[in-house]
Amino acid sequence: PVFPTLAQVTYPDWISGIIFILAGIPCLAIPGVALFMFISKRCCKKDRHYMEESLNTISDKVPVSVATSD
């Protein structure tokens, strides 16, 4: 038995463009947003209070005395 071969079908260019857009935008959106967030956090932040050496918490402000037995 001879199997039928598939017929070659050519589509217009605008269909290829729509397929490229539908496949390309989701694939490029996630890395694009990640890159945007990285650049905005790295370069554009003027307020860098998160890089302080000490923590600004209540437990940091409460004096703790340690009793030692000698």
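Residues numbered from 1 in each chain as written. Predicted model: local features only at pLDDT ≥ 70, side-chain atom pairs only at ≥ 80, totals over all residues. Heavy atoms only, no water.

Enquirer: Is there a simple way to think about the overall build of the protein in this case?
Expert: Secondary structure summary: the protein contains two helices and zero strands in total. Within the protein, the fraction of its 70 residues that count as buried is 1%. Of the accessible surface of the protein, which amounts to about 7500 Å², a share of 68% is contributed by carbon and sulfur atoms. (Helix = DSSP H or I, 4+ residues; strand = E, 2+ residues; numbered from the N terminus. Buried < 20%, exposed > 50% of the residue type's maximum accessible area, 1.4 Å probe, protein only. Areas by Shrake-Rupley, 256 points an atom, 1.4 Å probe, with all protein chains shown as cover.)

Enquirer: What's the story with a nonpolar patch on the surface in this structure? I'm lost.
Expert: Residues Ile58, Val62, Val64 and Val66 make up a contiguous nonpolar surface patch of about 450 Å² in total accessible area. Note on placement: Val66 falls in the segment after α2 (58-61). In this structure Val66 comes out as exposed when scored by relative accessible area, which is 69%. (Patch = residues over 30% accessible without salt bridge, like charges linked within 9 Å, V, L, I, M, F, W, Y side chains within 5 Å. Salt bridge = Lys/Arg side-chain N within 4 Å of Asp/Glu carboxyl O.)

Enquirer: So what exactly am I meant to see when it comes to helix α1 (residues 13-42) here?
Expert: Owing to its 3.6 residues per turn, the α-helix aligns residues three or four sequence positions apart on the same side. The terminal C-alpha atoms of α1 lie 41 Å apart, and with 30 residues this matches the ideal 44 Å at 1.5 Å per residue to within 8%. Helix geometry: α1 is bent most strongly at Ala29, by close to 30°, with proline Pro31 lying one to four residues after it. (Expected span 1.5 Å × (residues − 1). Bend = angle between axes of the 7 residues up to and from the residue.)

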